[in-house]
Protein chains: 2
Amino acid sequence: MGLDTKNDAITSRDVDFAQWYTDVCRKAELMDYSSVKGFIIYRPYGYAIWEQIQKYLDEKFKQTGHENVYMPMVIPESLLQKEKDHVEGFAPECAIVTIGGQNELEERLIVRPTSETLFCEHFAKIVSSYRDLPKKYNQWCSVVRWEKTTRPFLRGSEFLWQEGHTIHRTKEEAKHETLMMLDVYKDMGKDLLAIPFVTGQKTEKEKFAGAEETYTIEALMHDGKALQSGTTHYFGDGFAKAFNITYQDQDGKVKHVHQTSWGVSTRLIGAIIMVHGDDNGLVLPPLVAPTQVVIVPIQQAKPGIVAKCTEIKHRLEKLGLRVKFDDSDRTPGWKFAEYEMKGIPLRIELGPRDLENNKVVLCKRNTGEKIQTNIDELESVVQSMLKTIHEEMYQKALDQLLHSVNNAHTYDEFKEIINNGGYVKMMWCGDEDCENKIKEDTNATSRCMPFDQRPIGDTCPVCGKKATKVVLFAKAY
Amino acid sequence: MGLDTKNDAITSRDVDFAQWYTDVCRKAELMDYSSVKGFIIYRPYGYAIWEQIQKYLDEKFKQTGHENVYMPMVIPESLLQKEKDHVEGFAPECAIVTIGGQNELEERLIVRPTSETLFCEHFAKIVSSYRDLPKKYNQWCSVVRWEKTTRPFLRGSEFLWQEGHTIHRTKEEAKHETLMMLDVYKDMGKDLLAIPFVTGQKTEKEKFAGAEETYTIEALMHDGKALQSGTTHYFGDGFAKAFNITYQDQDGKVKHVHQTSWGVSTRLIGAIIMVHGDDNGLVLPPLVAPTQVVIVPIQQAKPGIVAKCTEIKHRLEKLGLRVKFDDSDRTPGWKFAEYEMKGIPLRIELGPRDLENNKVVLCKRNTGEKIQTNIDELESVVQSMLKTIHEEMYQKALDQLLHSVNNAHTYDEFKEIINNGGYVKMMWCGDEDCENKIKEDTNATSRCMPFDQRPIGDTCPVCGKKATKVVLFAKAY
C-alpha cells in the first residue's frame, strides 16, 4: 500500500470486463487472495459493505418476526444424506473433516455447505405442538462449497451469507413466508443497493436441491450478464418427512410441518460492483457506502482550511453520516483518484478561495457533476444530494434493465439476440430438454419464470410443442 | 417445549453446581446439543445475549480505531507450522479437512483454532512502509478446537468469539494496545455484564502459545472457581520474524512490526450464568438481557387489562427498552416462574385492582423485591430500577470477590484455604516447578500476577527460594 501501488489505471470495462472486475476488487481494497484457492480475505473496506447489508437485513428479519441462532459448522455425513435430492446436490462440492484431535473420526464431518439438515434435526427435537409453531430462524455465518472456478464475491469456496430457516403449521403460511422474504430482498435492492432485481420462480432444472419451489432475485450486470443474487425456497413437507418434524395439531392429529429457507450472500458485493462501477472504479450507493462523504482540502497548509474541514466533518457526522476527512500529505489529485476508485458517493472540496466566499464544491461520484454551495446550507444540500445520487443510480440501472429485455418468437431470433446480452423473454414448453438445448447452443440459462405470465406466444420456439410458461433467459455468472 | 417441559424445578446450586449449570443452560433455552459432541446449538435466547455483547464490543473496538475483516476458516497445515510455539500449542486439538470436492487434498487444511497465522500472512503482503502502520483489525467468527471434555459455553469444540489482531511500528505502541484492550474488556465486565474481573499477567506456563506476554480477565464463579474470561497478548516481533512482516521505517531501515492479539468468546455467557444465577434460574444484568422488562397481566380477561399492558409496553419501548408483554393463556404463576428462569431483570404485574388505582407492581429478579408505583411515573421508575439492578448485581459480585481473596504465607496454609474456593494470594519464586507442584497437590493453577505487586512475603512458600512475584491462585474451569 505504498504510494506507488495506488492510483494506477485499471483496465477499461469495455476492453476486458472480467479484468476490470478483478482490478476493482483489488485496487479498491475490497479483498485479497489467501493461500488457499477460492478462500478470500474480506478486507476492511469490503467487509464494511457487508456490515451495512447485514445491518439493513437483520433489522428487516427481526421486524418480520425472525430470531437469530447459530448452528454447528459441521454436519455428520449421515445427517446430510437424509434428504436424497439435497445430498445429491451438495455431495460433489463438500469439504470434509476426517481428523479431529489427532484421531481419524468415526464419522466424517461435512463443513456446512448450507444448514437445512442441522435446522431440521433441531426442529424435530424442539417442536411437538401446534403451539410451538411457527419457528422463524436466521443464521449469519460462512459456508464452504468446493468450487472448481472461483471469482471474488461471485463464486468462492467459502462465502459469507445469511440463511433463514422457518417451519410452519400450514402450506399457505410457508408459501407466504417464501414470497414475503423474496419481497424483503427485492426491497433491499431498491432501497439499499440501488439495484432493480428481476424476480420470479426458478424452473425445475434450476431450483434448489430438495426444494419444491425456488424463487430468485436476478440482477443485470453492466456486461449484459445476469447474476442470481438471492433465493427463497418453499420445501413443502419433504424435509419434514425425511427428518420426522411433526407436531400435534389442535385437532389432535400428528402432522408434518411446512418449511422454507432463504439466503443472500457476499455475492451482493459483486452485484454492486458490476451494476454500478465505471472505468474510475467502484461507485457505491450512498446507503451501503462505508464512507458516504469524503472531504478533500485544497492547499490545506493555508490558514483556516483544516479547521473548517474539521468543522464540516463534525456537522455532517451529527446527521448520522459516515464522513472521512483526508488531511494526509498526499496531493488533492491523488485523493480525488483514490476516493473515486473507492466509490465514495460524495466528495467535498474546500480551498482558500472557497473558504473566503464561505462556499464548498460538491462532486457526485456517479455522474462527476460538480456544484458549489454555501457552507451554511451544507447539511440540507448534502442530504438531498445523497438522496438524489441513490435515485439516479437506481434509475440508471432500471433503464439499463428495461432496455435489455427483448422478446423472442422464434428460436433463430432467440439465438441472435441472446448474444447482445440482457434478458430474452420466450415461451417454453416446460421440458428440461429444451432448456438443455438452449444451454448447449447459446450458453444461456433460464433465469426465472417472471410473476407476470402474460403469454407472448402459444408454442415453445425450441421444440414447437405447446408452451406453458413465459421464461426469461440470459447468460449468467 | 410443550407445557409440561417447562417450570420443572432445577437442581439446587448447592446440591450440585455442575448439574444446576446444565439445567439452567437447557431450561432457559440458551442452547441445545447437536449430534456432534462439543458442537452446541446457540438457541435464540442464548444467541441474543451474544448479540448484545457483540454490539457493545463492536462499538468499543471501532471507537478505539479497529476495523473488522474476515479471514478464511481454513489454514494450510504448512502455514500453521511457521511459528514453532504456536503450532505446538494448537496441533493436538485441530480438526483437519483432508477431502475437498471428492478429492484428497494435496495439502491438509486446519479448521482455524485461532487466526494469527492467517493475519500474519496477510499483513506481510499489505505492509511495506511505516505509513501503512498500525493495522488494527478484528474478526467475529467461530473457531474449532477438538476438546476431550466439553461443557456448554465454557469449553466447546466450536465456539463463537472475536479475535483482534494488530501490528505496530514500536514495541511501546503494541504494549499499549495490549493493555488498552484489557481495559476495554474489564470495562465491559463492569458496565455491561455486572462482573468484576480480576486482571493481571499470566505466568510463562499459562501464557498463550507464541506470545511474549499474556494478560487475562478472570471472573469468580458462585462455586468459588475462577473462569478465565478473555485474554490479550503481546507478541513482540516473534510472529513478525517467522512470517517476515517488515516495513521500511522513516530512517530508511527495514524493521519487523510489533504485534498483539486479543479475544473474548461465548464463554462470557457461561460467566454470566455462574456469577449471577440462582436456584430459580438465570439472572441477567439489564444491559445484556435480550428482554429487559416482562409485563404479566393478572386476570387478563377483565376489561382494560390488556389495553393498559399494551400501552405500558409501548411507553417503555419508546425509551429504547426491550419489553415483552405475555398475553398468552398460561397462568400468571407459570409466567412468573418462566421469566424468572429466563432471568428477565424486571417484571411488571398489572391486575384489576392495580388498574383501578392506576398502579403497577414491579418485581426485581435479582432480589425478589416488589414495589408498587403509580403508572404515571412508570418511565422514570423503570429506568432507575434497571440502573439499580445493575449496580446491585455488580456490587454483590464484587463483595463475593473481595471476600474470596485470602493470603497464604505458608504452603500448608495455602493447601488449607485453597479448598474453600476463591483466590489465594501467595508469593512465588518464578519457577514453573512450583506451579506444577501446586497443580498436582491441589488442582489449583496460577490465574494471574495482579498489577498490584506489593509483596506479602520474601520467599516462595513452596520451595523456600527467593520470591519474585505476587500470584493469585485458584481452582479454575
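Computed from a prediction, not measured in an experiment: that's the story for all the values here. (Residues numbered from 1 in each chain as written. Chains lettered and ligands numbered in written order. Predicted model: local features only at pLDDT ≥ 70, side-chain atom pairs only at ≥ 80, totals over all residues. Heavy atoms only, no water.)

Q: Break down the pattern of salt bridges for me, citing the residues and quoting the values.
A: As enumerated under the stated definition, the model contains 70 salt bridges over all chains in all. A salt bridge links Asp329 of chain B to Arg131 of chain A; the nearest nitrogen and oxygen atoms lie 3.0 Å apart. Placement of Asp329 of chain B in the loop between strand E16 (323–325) and helix H10 (332–341) and of Arg131 of chain A in the loop between helix H5 (116–126) and strand E7 (135–144) is noted, with the two residues assigned to different chains. Look at Arg131 of chain A and you get partly exposed, because its relative accessible area is 39%. In this structure, Lys342 of chain B and Glu29 of chain B form a salt bridge, with 3.2 Å as the shortest nitrogen-oxygen distance. With Lys342 of chain B in the loop between H10 and strand E17 (346–350) and Glu29 of chain B in the loop between helix H1 (17–27) and strand E1 (31–33), this residue pair connects regions lying 313 residues apart in the sequence. (Salt bridge = Lys/Arg side-chain N within 4 Å of Asp/Glu carboxyl O. Helix = DSSP H or I, 4+ residues; strand = E, 2+ residues; numbered from the N terminus. Buried < 20%, exposed > 50% of the residue type's maximum accessible area, 1.4 Å probe, protein only.)

Q: Please provide a residue-by-residue account of the interface of chain B and chain A, values included.
A: Between chain B and chain A, the residue contacts involve 60 residues of the former and 59 residues of the latter. Both faces considered, chain B and chain A share a buried interface measuring about 4900 Å² in area, 58% of it formed by carbon and sulfur atoms. If you look at where chain B meets chain A, you find 6 salt bridges. Seen at the junction of chain B and chain A, the total is 28 residue pairs in polar contact (both at pLDDT 80 or more). Here the side of chain B that touches chain A gets 6 residues from one element, more than from any other, and that element is strand E5 (residues 95–100) of chain B. Grouping the constituent residues of the side of chain B that touches chain A by class yields 33 nonpolar, 11 polar and 16 charged. (Contact = heavy atoms within 4.5 Å. Buried area = accessible area lost by both parts, 1.4 Å probe. Polar contact = N/O pair within 3.5 Å; in protein donor to acceptor, adjacent residues only side chain to side chain. Nonpolar A, V, L, I, M, F, W, Y, C, P; charged D, E, K, R; others polar.)

Q: Explain the relation of the copies chain B and chain A to me, using residue names and the numbers behind them.
A: Take chain B, turn it by 180°, move it 0.0 Å along the axis, and it overlays chain A with an RMSD of 0.0 Å. Between the two chains, the operation in question is that of a two-fold axis. For chain B, the residue whose C-alpha comes nearest the rotation axis is Val97 of chain B, separated from it by 2.1 Å. An overlap of 98% is found between the interface residues of chain B and their copies at the interface of chain A, pointing to a shared contact surface. (Least-squares fit on C-alpha atoms with pLDDT ≥ 70 in both.)

Q: Give a detailed account of the environment of Pro92 of chain B, specifying residues and quantitative values.
A: Within the secondary structure, Pro92 of chain B sits in the loop between helix H4 (84–90) and E5. Along the backbone, Pro92 of chain B and Glu147 of chain B are 55 residues apart, and their C-alpha atoms lie at a distance of 9.4 Å. For Pro92 of chain B, the contacting residues outside a window of four places in its chain are Gly101 and Gln102 of chain A.

Q: Tell me about the pairing of strand E10 (residues 213–220) of chain B, and please be specific about residues and values.
A: Residue and element names in this part refer to chain B. Within E10, 8 of the 8 residues are buried, which leaves it mostly tucked inside the rest of the structure. The alternating pattern of E10 places Glu213, Tyr215, Ile217 and Ala219 on one face and Thr214, Thr216, Glu218 and Leu220 on the opposite face, and all of these are buried. Inspection of the sheet shows strand E9 (residues 198–201) paired to E10 by 4 bridges, in the antiparallel sense. Bridging from a neighbouring strand, Gly200 pairs with Thr216 of E10. As judged from the 8 bridges shared by E10 and strand E11 (residues 226–236), these two strands associate in the antiparallel manner. When the bridges of E11 are listed, Thr216 appears paired with Thr231. Once E10 ends, the chain turns through 5 residues before running back antiparallel as E11, passing Gly224 with a positive phi of about 90°. (Pairing = 2+ DSSP bridges.)

Q: Please set out the confidence of the model for chain A residue by residue, giving values where relevant.
A: Residue and element names in this part refer to chain A. Looking at chain A as a whole, the pLDDT averages 96, with 98% of positions reaching at least 70. Low pLDDT (under 50) marks residues 1–6, which in the prediction has 16 contacts with non-local residues, meaning those over four places away or in another chain. Two summary scores accompany this predicted model of the complex, namely pTM at 0.96 and ipTM at 0.96. (pLDDT = per-residue confidence, 0-100.)

Q: Kindly report on the packing of aromatic side chains, identifying the contributing residues and their values.
A: Going through the model one piece at a time under the given rule, you end up with 34 aromatic pairs over all chains. Ring geometry for Tyr42 of chain A versus Tyr70 of chain B: centroids 5.9 Å apart, planes at 70°, classification edge-to-face. Of this pair, Tyr42 of chain A sits in strand E2 (residues 40–42) while Tyr70 of chain B sits in the loop between strand E3 (67–68) and strand E4 (74–76), which puts the two residues in different chains. Each residue in the set Phe90, Phe208, Phe235, Phe239 and Phe243 of chain A is aromatic and connected to the rest through ring pairs, giving one cluster. (Phe/Tyr/Trp six-rings, centres within 6.5 Å; stacked < 30°, edge-to-face > 60°.)

Q: Give me the lowdown on the packing of helix H2 (residues 44–63) of chain B against helix H8 (residues 267–276) of chain B, citing residues and values where you can.
A: All names here are of chain B. One can describe the packing of H2 onto H8 by two numbers: an axis separation of 10 Å at closest approach and a directional angle of 105°. Classified by the interaxial angle, the pair formed by H2 and H8 is roughly perpendicular. Along the contact surface, H2 presents Gly46, Ile49, Trp50 and Ile53, while H8 presents Leu268, Ile269 and Ile272. Counted by class, the contact of H2 with H8 contains 6 nonpolar, 1 polar and no charged residues. (Axes fitted to C-alpha atoms, helices over the stretch in contact; angles between N-to-C directions. Parallel < 35°, antiparallel > 145°, perpendicular 65-115°, else oblique.)

Q: Describe the side chain of His168 of chain B, and please don't skip the residues or the numbers.
A: Residue and element names in this part refer to chain B. You can see His168 is positioned in strand E8 (residues 158–168). Judged by relative accessible area, His168 falls into the buried class, the value being 1%. If sequence neighbours within four positions are ignored, His168 has contacts with Leu133, Pro134, Lys136, Glu173, Ala174, Glu177, Val257, His258 and Thr260.

Q: Kindly report on the nonpolar core, identifying the contributing residues and their values.
A: Among the nonpolar cores identified, the biggest contains 146 residues, and Ile53 and Met188 of chain A together with Ile53 and Met188 of chain B are the most heavily contacted of them. Setting aside residues up to four positions removed in sequence, Met188 of chain A forms contacts with Ile53, Tyr56, Leu57, Leu193, Phe197, Val264 and Leu268 of chain A. (Core = buried A, V, L, I, M, F, W, Y, C linked by side-chain atoms within 4.5 Å.)

Q: Describe the pairing of strand E8 (residues 158–168) of chain A, with residues and values.
A: Residues and elements named next belong to chain A. Of all 11 residues that make up E8, 11 are buried, and the element is covered over most of its length. Neither face of E8 is left uncovered, since the one carrying Glu158, Leu160, Gln162, Gly164, Thr166 and His168 and the one carrying Phe159, Trp161, Glu163, His165 and Ile167 both have all their residues buried. Here 10 bridges tie E7 to E8, and the two strands are oriented antiparallel to one another. Residue pairing across strands places Gln139 opposite Glu163, the latter belonging to E8.

Q: So what's going on with the sheet that holds strand E14 (residues 258–265) of chain B? Residues and values would help.
A: Residue and element names in this part refer to chain B. Strand order in the open sheet formed by 11 strands is E3-E7-E8-E14-E11-E10-E9-E22-E23-E21-E20, with mixed pairing between adjacent strands. The outermost strands of the open sheet, each flanked by one partner alone, are E3 and strand E20 (405–407). Sheet topology note: the E20/strand E21 (residues 423–428) ladder contains 3 bridges and is parallel. Considered in E21, the bridge of Asn406 is made with Val424. In this fold helix H5 (residues 116–126) packs onto strand E7 (135–144), E8, E11 and E14, with an angle of close to 150° to the strand it touches most, E7.

Q: Account for H2 of chain B, with residues named and values stated.
A: Residue and element names in this part refer to chain B. Taking 1.5 Å of rise per residue, 20 residues should cover 28 Å, and H2 covers 28 Å from first to last C-alpha, within 8% of that figure. The buried fraction of H2 amounts to 15 of the 20 residues, a majority that puts the element mostly inside the structure. The first or second residue beyond H2 is Gly65, which carries a positive phi of 85°. (Expected span 1.5 Å × (residues − 1).)

Q: Give me the side chain of Arg112 of chain A: which residues, what numbers.
A: All names here are of chain A. Inspection of the secondary structure assignment puts Arg112 in the loop between strand E6 (103–111) and H5. Here Pro72 takes part through its backbone oxygen, which lies 3.4 Å from a polar atom of the side chain of Arg112. In contact with Arg112, not counting residues within four places along its chain, are Tyr70, Met71, Pro72, Met73, Val74, Ile75, Gln139, Cys141, Ser142, Val143, Val144 and Glu163.

Q: So what about the environment of Ala48 of chain B? Which residues, and what values?
A: Tracing the backbone through its elements, the reader meets Ala48 of chain B in helix H2. Measuring from C-alpha to C-alpha, the distance between Ala48 of chain B and Ala289 of chain B comes to 8.1 Å, with 241 residues separating the pair along the chain.

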